[in-house]
Protein chains: 6
Amino acid sequence: MDSTKTERFKKGWEKLKEIDGQAGVNVIESLKNVSPDLGKYTIEYPFGDVYSREILDNRTKEIAVVAALVAMGNASPQLKVHINAALNVGVTEQELSEIMILMSVYAGFPSALNGTFTLKEVIEERKEEK
Amino acid sequence: MDSTKTERFKKGWEKLKEIDGQAGVNVIESLKNVSPDLGKYTIEYPFGDVYSREILDNRTKEIAVVAALVAMGNASPQLKVHINAALNVGVTEQELSEIMILMSVYAGFPSALNGTFTLKEVIEERKEEK
Amino acid sequence: MDSTKTERFKKGWEKLKEIDGQAGVNVIESLKNVSPDLGKYTIEYPFGDVYSREILDNRTKEIAVVAALVAMGNASPQLKVHINAALNVGVTEQELSEIMILMSVYAGFPSALNGTFTLKEVIEERKEEK
Amino acid sequence: MDSTKTERFKKGWEKLKEIDGQAGVNVIESLKNVSPDLGKYTIEYPFGDVYSREILDNRTKEIAVVAALVAMGNASPQLKVHINAALNVGVTEQELSEIMILMSVYAGFPSALNGTFTLKEVIEERKEEK
Amino acid sequence: MDSTKTERFKKGWEKLKEIDGQAGVNVIESLKNVSPDLGKYTIEYPFGDVYSREILDNRTKEIAVVAALVAMGNASPQLKVHINAALNVGVTEQELSEIMILMSVYAGFPSALNGTFTLKEVIEERKEEK
Amino acid sequence: MDSTKTERFKKGWEKLKEIDGQAGVNVIESLKNVSPDLGKYTIEYPFGDVYSREILDNRTKEIAVVAALVAMGNASPQLKVHINAALNVGVTEQELSEIMILMSVYAGFPSALNGTFTLKEVIEERKEEK
């Protein structure tokens, strides 16, 4: 089965590039040797099915995802990808730091502080890239 | 010290009533005998300081908080309060069930399913109250 | 779109009935009013895509899933479903209580004890049903 | 092997009765049919080995354990047992509610609130028993 | 608003310097560009409000916080700060390694081992600084 | 007390060498200065008591443990040790990547992806060692 031909895969691949840009493509690339099927599923389910839904706009989706990843506190590479994604779809730095403040209430100050330092790191990396 | 007189407390008390309504007031009431100070802090910091900030609107705040509580999966009474709060400030049932679907990607299907069943419970309780 | 017609859906629906039996069907049923799409995704991705893979046999899958749910400790309804599923596909009660003992090392005694009490509950319910 | 004869088991059994009282004995009893070995290990390792160590006194141990269980937020039966244990070894109600306030900083307000409500429940149960 | 003038801020700032020393000051400094308000709140609520309470002494507070952070297992920079803080207020190295042993029971051996290796790292850094 | 002489210790030490090989020995070595007692307990309880049980075979144990550590997502050094241990006792790379795919359902895609990247790292390290 050439799974790359399914509609879900194609839609997911476009969505992944739109939202996560090169960082998302790199994640899929780096799965190639070890687990191409997890790569395929990552494109199909999260992006082809879920992110392609249109009830919440991209900004709202990224705000929810960043909040969740900060609260979980154990998915630091994904938090970085989604802070970038949030900035890509128009969430401002100020709004992102606001989500971290909100999380100090629900997940505690360590999660809020670690989320804020990841935000700082992303902002600095994006400045350097310009 | 009559802490109920601080500006933060007053502002927080109004905010708590605006967002969480009677459910929020009940939480504070039920703390009275066991930990009035935690009640005071709950009004002052989460509501007086954090919820009173105006960079994110109430809808956006509740979307972020519901996502985080679903992802954490261990704060079920607070999830119920915030699903109600989200509905109170204009987040629709459909948008809330959309957040749960989004969380299936980041926190797994058990969290998404449990969040959705809590949403169902809240929707039914609100129907009965009318 | 009549999503129930996709191949993944059909395969997933058969797999869900094979593994989880009536308990699985009930979960999907109870999603109908609140989030039919989460029901559809639960059939398609976990069951149609993942459980239908054949590298690990059903016993091994259920052992891994029970271990994970005990360790996470925040998905008690799903743990019950999967203890039943494990018994359905031939994992013995003794093997299940062995997984809980193993989890005392990795996730602590509270998780192991709560997992064991859930196992006890399931065993008793299955006896009553006979 | 009559495991109940090991020194660690005997020491653990005495320690369990000293700290947790009847609630601890009940936990072990209820494991009898489903996992007697987990019961044996619970007596031997947590109580025979760890709780019998004398570098931290009983009060300090219970303060650390209550803080940890509140922060984890997914071990509510064990939190109840240890709030009782803490009260049994001389930690005051006020000190316990102080730990919950401290946890609002590190694990967030939901954990602190749920811990405080569990404390309230335990205090009320102990009043009724008198 | 010159928030640094509130009583809570001043009290918090003194408390932060007393407990966490330079490491605490550095955390606040590094927040300056990205989220000065989270810095302000970190001083005001955790230190100005909570740490300034006098029902538990500093040793007891740090024992509870170290236990909680080890159990949570996802806040490694904060665990380092608080192991240092604990040593600063008179908790001994032996008592700290005792807390890690206690956590092997409640949060599992991985948490206990990771906590112990963080303790080792802090002890070595403090030796080098002398 | 020369604890290294207990039967449980000897049995545990052999089991640890059998399963974890040099990586396991290194963990115990590195505990020597900071917490020899945690080293002793790690040998005695997880290996002497639990891993020496024979109801589940080594393959099944490692599959359960890897699943649990991926799901918890906060014990990355231990996950590496157990991916190695799994490969040592005959779990294949393909079966391990299959467990990660399974965990995408129960603990979300970030856990599955991070687990898969750890697997990739281990596979590469083992190639270099040859």
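Higher on the page you've got the structure.
Summary of the structure given here. Only a predicted model underlies this, so the values are computations on that prediction, with no experimental measurement involved.

What chain A contains, in helices and strands, is six helices and zero strands. When the helices and strands of chain A are placed in sequence order, the string is α-α-α-α-α-α. On C-alpha atoms alone, chain A measures out to a radius of gyration of 15 Å, which is about the 14 Å that the 2.2 N^0.38 rule sets for 130 residues. Over its C-alpha atoms, taken along the principal directions, chain A stretches across nearly 50 × 30 × 30 Å. Taking as baseline every contact in chain A between residues at least 6 positions apart, the subset at least 24 positions apart corresponds to 63%. Carbon and sulfur atoms make up 49% of the accessible area of chain A, which totals about 5000 Å². One finds the centroid of the 16 positive side-chain charges in chain A at a distance of 3 Å from the centroid of its 20 negative side-chain charges.

For the rest of this paragraph, the subject is the relation of the copies chain C and chain A. Once chain C has been moved 0.0 Å along the axis and rotated by 180°, it coincides with chain A to within an RMSD of 0.0 Å. With respect to symmetry, the two chain copies, as superposed, fit the operation of a two-fold axis. Of the C-alpha atoms belonging to chain C, the one lying closest to the rotation axis is found on C:Y45, 3.6 Å away. When the interface residues of chain C are mapped onto chain A, 100% of them again fall at the interface, so both copies present the same face.

If you look at the interface, chain B gives 30 residues, while chain A gives 30 residues. Of all residues in chain B, B:E98, B:L102 and B:Y106 give up the largest surface area on contact with chain A, accounting jointly for 23% of the area buried on that side. At the boundary of chain B and chain A, one finds two salt bridges. Across the salt bridge formed by B:E98 and A:R53, the nearest N and O atoms sit 2.4 Å from each other. Linking chain B to chain A there are six residue pairs in polar contact (both at pLDDT 80 or more). Of all elements in the fold, only α2 (36-51), α3 (58-72) and α5 (93-106) of chain B reach the threshold of two or more residues within the side of chain B that touches chain A. In terms of residue class, the side of chain B that touches chain A is built from 22 nonpolar, four polar and four charged.

Moving on, we come to the interface of chain C and chain A. If you look at the interface, chain C gives six residues, while chain A gives six residues. With both sides pooled, the region where chain C packs onto chain A buries about 770 Å², and carbon together with sulfur makes up 48% of that total. Per-residue buried area on chain C facing chain A is highest for C:Y41, C:Y45 and C:R53; these three make up 67% of the total on that side. At the boundary of chain C and chain A, one finds two salt bridges. Its salt-bridge partner being A:D37, residue C:R53 comes within 2.8 Å of it at the nearest N-O pair. Looking at the side of chain C that touches chain A element by element, the count peaks at four residues for helix α2 (residues 36-51) of chain C.

Turning our eyes to something else, we now look at the environment of D:L31. Among the structural elements, D:L31 can be located in helix α1 (residues 7-31). Each C-alpha atom, one on D:L31 and one on D:S104, is 34 Å from the other, the two residues being 73 residues apart in sequence. Ignoring anything within four residues of it in the chain, the contact list for D:L31 reads C:L113, C:T116, C:F117, D:P36, D:L38 and D:G39.

Calculation notes
Residues numbered from 1 in each chain as written. Chains lettered and ligands numbered in written order. Predicted model: local features only at pLDDT ≥ 70, side-chain atom pairs only at ≥ 80, totals over all residues. Heavy atoms only, no water. Helix = DSSP H or I, 4+ residues; strand = E, 2+ residues; numbered from the N terminus. Rg over C-alpha atoms; globule rule 2.2 N^0.38 Å. Contact = heavy atoms within 4.5 Å. Areas by Shrake-Rupley, 256 points an atom, 1.4 Å probe, with all protein chains shown as cover. Lys, Arg positive; Asp, Glu negative; His and termini not counted. Charge placed at Lys NZ, Arg CZ, Asp CG, Glu CD. Least-squares fit on C-alpha atoms with pLDDT ≥ 70 in both. Buried area = accessible area lost by both parts, 1.4 Å probe. Salt bridge = Lys/Arg side-chain N within 4 Å of Asp/Glu carboxyl O. Polar contact = N/O pair within 3.5 Å; in protein donor to acceptor, adjacent residues only side chain to side chain. Nonpolar A, V, L, I, M, F, W, Y, C, P; charged D, E, K, R; others polar.

From the geometry alone we can't say anything about function, so treat these as descriptive.
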